Amino acid sequence: VSKSAAGDADLSWHLINRLVGDGFDLTICQEMLVDHAVTIPMALMWPGQEAWPVKIVPISINTVQHPLPSLARCLNLGRSVGRALDAYDKDLKILVVGTGGLSHQLDGERAGFINKKFDLLCLDELSRNPDVLTRYTIPQFVELAGAQGVEFLNWMAMRGALTGTVRETHRNYHIPISNTAAATMVLENV
């Protein structure tokens, strides 16, 4: 079912100006078609809703075309977003969502590859100390997580947006009968 989501132009421009001020080169859109990276989490958070009860400001990170950003770059992007959100002058409740697969590879000799041990390490460090993960180069990360495992870059940006002390309140990790494991994690600023 096709749904549309309202954006928040004021918050979007605030983020754009802050991110550019922090040295990030952005492409901006007045309208954006979103894919399963947005629609699936929204449907899981608000099942059966005719319209989502929130406004969204999607931030898309390249996880497809080389050169890919580093884990450190995505963590720093998230930190820039977090600082911008902290400096926003409107009192809003804000949920930052990072989506994408953990270890998986959809094609080639390693099709069906899942590295549960590495996935759990990434989730642990994402919760405790995401800077530890920045030691991996993209080629090293792909070796450990599979070609499509680089979608974890989105999780890194999400984690960077959380400022101050962060607490993990929920985690689920499951390997269904498919090409990728599934995980959800809820982190909050304390």
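This text gives an overview of the structure that appears in the document. Nothing here was measured: the structure is a model prediction, and the numbers come from that model. (Residues numbered from 1 in each chain as written. Predicted model: local features only at pLDDT ≥ 70, side-chain atom pairs only at ≥ 80, totals over all residues. Heavy atoms only, no water.)

**Structural notes on a nonpolar patch on the surface**
A contiguous nonpolar surface patch, about 350 Å² in accessible area, is contributed by Trp13, Val20, Leu26 and Ile28. Examined against the element boundaries, Trp13 turns out to sit in helix α1 (residues 9-21). Judged by its relative accessible area of 41%, Trp13 is partly exposed. (Patch = residues over 30% accessible without salt bridge, like charges linked within 9 Å, V, L, I, M, F, W, Y side chains within 5 Å. Areas by Shrake-Rupley, 256 points an atom, 1.4 Å probe, with all protein chains shown as cover. Salt bridge = Lys/Arg side-chain N within 4 Å of Asp/Glu carboxyl O. Helix = DSSP H or I, 4+ residues; strand = E, 2+ residues; numbered from the N terminus. Buried < 20%, exposed > 50% of the residue type's maximum accessible area, 1.4 Å probe, protein only.)

**Comments concerning the packing of aromatic side chains**
Inspection of every chain in the model, using the stated rule, returns five aromatic pairs. Here Phe152 and Trp155 contribute two aromatic rings whose centre-to-centre distance is 6.0 Å and whose plane-to-plane angle is 20 degrees, an arrangement assigned as stacked. Separated by three residues within a single helix, Phe152 and Trp155 lie in helix α6 (residues 152-160), roughly one turn from each other. Look at Phe152 and you get buried, because its relative accessible area is 1%. Aromatic rings pair up to connect Phe118, Tyr136, Phe141, Phe152 and Trp155 into one cluster. (Phe/Tyr/Trp six-rings, centres within 6.5 Å; stacked < 30°, edge-to-face > 60°.)

**Thoughts on the side chain of Ser127**
Here Ser127 lies in helix α4 (residues 116-128). A relative accessible area of 11% means that Ser127 is categorised as buried. In this structure Ser127 touches Arg159, Glu168, Arg171, Met185 and Leu187, once residues within four positions along its chain are discounted. (Contact = heavy atoms within 4.5 Å.)

**Let's talk about the packing of α1 against helix α3 (residues 71-87)**
Relative orientation and spacing of two packed helices are given, respectively, by the angle between their axes and the distance between those axes. Where α1 meets α3, the closest approach of the two axes is 9 Å, and the angle between their N-to-C directions is 125 degrees. The orientation of α1 with respect to α3, classified from their angle, is oblique. The two elements α1 and α3 cross, and the hand of that crossing is right-handed. Residues Leu11, His14, Leu15, Arg18 and Leu19 of α1 touch α3, and the partners they reach there are Leu77, Ser80, Val81, Ala84, Leu85 and Ala87. Along the lines of polarity and charge, the residues of the contact of α1 with α3 split into eight nonpolar, two polar and one charged. (Axes fitted to C-alpha atoms, helices over the stretch in contact; angles between N-to-C directions. Parallel < 35°, antiparallel > 145°, perpendicular 65-115°, else oblique. Left-handed = near helix turned anticlockwise from the far one by under 90°. Nonpolar A, V, L, I, M, F, W, Y, C, P; charged D, E, K, R; others polar.)

**Things to note about the pattern of salt bridges**
For the structure on display, the rule yields eight salt bridges. Ionic pairing is found between Glu143 and Arg110, a salt bridge with its closest N-O pair at 3.7 Å. A residue pair is termed long-range when its members are at least 10 positions apart, and Glu143 in helix α5 (residues 138-145) and Arg110 in the loop between α3 and α4 qualify at 33 residues. Residue classification places Glu143 among the exposed residues on the basis of a relative accessible area of 54%. Linked by salt bridges that have partners in common, Asp124, Glu168 and Arg171 make up one network.

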